[in-house]
Amino acid sequence: MRKATFGTNGPEIGVLGLGCMGMTWAYDVQSRDDENSVRVIRQALDLGVTLIDTADMYGPYTNEEVVGAALAGPYRERAFLATKVGIVPGEVGQSGARDGSPEHVRRSIDESLRRLGTDHVDLYQLHRVDPAVPIEETWGALAETVAAGKARRIGLSEVTVEEIKRAQSVHPVASVQSELSLWTRDVLAEVLPYTEEQGIAFLPFSPLGRGFLTGSISSFEELPADDFRRRLPRFQQDALKANLALVGKVKEVAERVGATPAQVALAWVLAQGRYVFPIPGTKTPRYLVDNAGAAEVVLSAADLAELDTLPTPTGERY
Ligand SMILES: NC(=O)c1ccc[n+]([C@@H]2O[C@H](COP(=O)([O-])OP(=O)(O)OC[C@H]3O[C@@H](n4cnc5c(N)ncnc54)[C@H](OP(=O)(O)O)[C@@H]3O)[C@@H](O)[C@H]2O)c1
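Residues numbered from 1 in each chain as written. Predicted model: local features only at pLDDT ≥ 70, side-chain atom pairs only at ≥ 80, totals over all residues. Heavy atoms only, no water.

A. Structural context of the overall build of the chain. What the chain contains, in helices and strands, is 10 helices and 11 strands. Scaling as 2.2 N^0.38, a compact globule of 318 residues should have a C-alpha radius of gyration of about 20 Å, and the chain matches this with 18 Å. For the chain, the spread of C-alpha atoms along the principal axes amounts to about 50 × 40 × 40 Å. Counting the 318 residues in the chain, one finds 58% classified as buried. Considering only contacts in the chain between residues 6 or more positions apart, those separated by 24 or more positions represent 74%. (Helix = DSSP H or I, 4+ residues; strand = E, 2+ residues; numbered from the N terminus. Rg over C-alpha atoms; globule rule 2.2 N^0.38 Å. Buried < 20%, exposed > 50% of the residue type's maximum accessible area, 1.4 Å probe, protein only. Contact = heavy atoms within 4.5 Å.)

B. Main features of the pattern of salt bridges. Under the definition given, this model contains 14 salt bridges. Here Arg76 ties to Asp122 by a salt bridge, and the two come within 3.0 Å at their closest N and O atoms. Taken as a pair, Arg76 in the loop between helix 2 (62-70) and strand 5 (80-85) and Asp122 in the loop between helix 3 (102-116) and strand 8 (123-126) lie far apart in primary sequence, 46 residues in all. Residue Asp122 is classed as buried on the basis of its relative accessible area, which comes to 11%. Note that Glu179 and Arg317 form a salt bridge whose closest N and O atoms lie 2.7 Å from each other. On the criterion of sequence distance, the pair formed by Glu179 in strand 10 (residues 175-179) and Arg317 in the segment after helix 10 (301-308) is long-range, its members being 138 residues apart. Assessed through its relative accessible area of 4%, Glu179 is described here as buried. (Salt bridge = Lys/Arg side-chain N within 4 Å of Asp/Glu carboxyl O.)

C. Quick peek at the packing of helix 1 (residues 34-46) against helix 9 (residues 285-293). One way to put it is that helix 1 packs onto helix 9 with a least axis distance of 10 Å and a crossing angle of 20°. As the angle between them shows, helix 1 and helix 9 are arranged roughly parallel. Pair helix 1 / helix 9 crosses with right-handed handedness. Here Asn36, Val40, Gln43 and Ala44 of helix 1 lie close against helix 9, whose contacting residues are Pro285, Leu288 and Val289. The residue inventory of the contact of helix 1 with helix 9, partitioned by class, reads 5 nonpolar, 2 polar and no charged. (Axes fitted to C-alpha atoms, helices over the stretch in contact; angles between N-to-C directions. Parallel < 35°, antiparallel > 145°, perpendicular 65-115°, else oblique. Left-handed = near helix turned anticlockwise from the far one by under 90°. Nonpolar A, V, L, I, M, F, W, Y, C, P; charged D, E, K, R; others polar.)

D. Representation of the site of the ligand in the model. The full set close to the ligand counts 31 residues, and Tyr27, Asp53, Leu208, Thr282 and Thr284 are the nearest of them. At 2.7 Å from an oxygen atom of the ligand is found a side-chain nitrogen or oxygen belonging to Asp53. In the model, an oxygen atom of the ligand is placed 2.6 Å from a nitrogen or oxygen of the Thr284 side chain. Here the ligand, which alone exposes 910 Å², has 94% of that area covered by the protein. When grouped by side-chain class, the residues that make up the shell around the ligand number 11 nonpolar, 13 polar and 7 charged. (Near = heavy atom within 4 Å. Polar contact = N/O pair within 3.5 Å; in protein donor to acceptor, adjacent residues only side chain to side chain. Areas by Shrake-Rupley, 256 points an atom, 1.4 Å probe, with all protein chains shown as cover.)

E. Molecular detail of the sheet that holds strand 8. With respect to topology, 7 strands assemble into an open sheet ordered 3-4-5-8-9-10-11, the strand pairing being parallel. Strand pairing shows two members of the sheet lacking a second neighbour, strand 3 (18-19) and strand 11 (201-205), which therefore form its edges. Pairing geometry for strand 5 and strand 8, over 4 bridges, is parallel. From the neighbouring strand, Val85 faces strand 8, where its bridge partner is Leu126. (Pairing = 2+ DSSP bridges.)

F. Spotlight on the side chain of Lys283. Relative to the assigned elements, Lys283 resides in the loop between helix 8 (261-270) and helix 9. Among buried Asp, Glu, Lys and Arg side chains, Lys283 stands out as unpaired, with Asp28 the closest opposite charge at 4.8 Å. Discounting residues that sit within four places of it in the chain, Lys283 has contacts with Gly22, Met23, Tyr27, Asp28, Asn36, Ser37 and Val40. (Lys, Arg positive; Asp, Glu negative; His and termini not counted.)

Below is the structure:
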């Protein structure tokens, strides 16, 4: 796997990471299989994927335990382990409440480290800014985890440039995680140009459009009954049908360049910046291999330009 430095001051890690959320949360939870997930995480390390992304609220809480089991013993040092704090889980599949209080952060890091079976994480991320707590206070508590040796560096998620700047006034921001894919490009306007300029790593989440851009989902009905995507506007019957035209275009480019649609979707995301580390999620060994292959797919300027002009999707992202 090709490597890049994690922002100006970070270590060299594989350009593609692995998102672990779907292993115990949100998608197709009925077919949860922890032993398989442990194998998939270790297979990722063998493929040169180093960035392993989880969060305390996925599961809730079970995701970190699965990741911890996978990274036991010698596996831990091969991973660049990232987790998140700041959302208190609600009902399964619901977005949960925000808690950015310093007390919550201080308590949560210790609980995350226990579940992950490690004495530090490589990246500790604020999952969402809590509107009830000034970001400087929350970020100060995350900075304490660095001072205590519990986190090597800290990052933000789903923030504005203004919020990044406020956090930077307290402690360096190592990374920003937000949705970025062929059908969600909002961050290209301001956030990504700012992180690139500042040498901050950017972690695109849902880079495969929650699986849709791979071409493997063709109707609302085929989504499992308890699947989170059933609640999202873009996956509703009519919207999904309309959005298939977008996938058709991705397939056309994929055929032309001799890659899979998933690889084209990821290669386009990778091409958006120097410090961009997409974290596609999968619990399926063959998908993992497919996605890892995207690091070697080169899209020409003409291919990128064509993908840049894909129609906007029908339906909001949430
Ligand atoms: N910061 C945040 O607020 C936030 C929000 C959402 C997600 N995230 C992070 O981002 C990660 C990735 O996002 P995501 O999981 O929402 O969406 P995604 O990576 O866009 O898509 C995941 C879905 O695509 C399927 N898939 C993966 N590779 C495939 C391939 N090559 N061919 C066909 N299907 C494929 C997966 O199936 P299987 O799982 O069945 O293999 C899964 O259903 C998460 O795991 C999580 O770590 C963060």
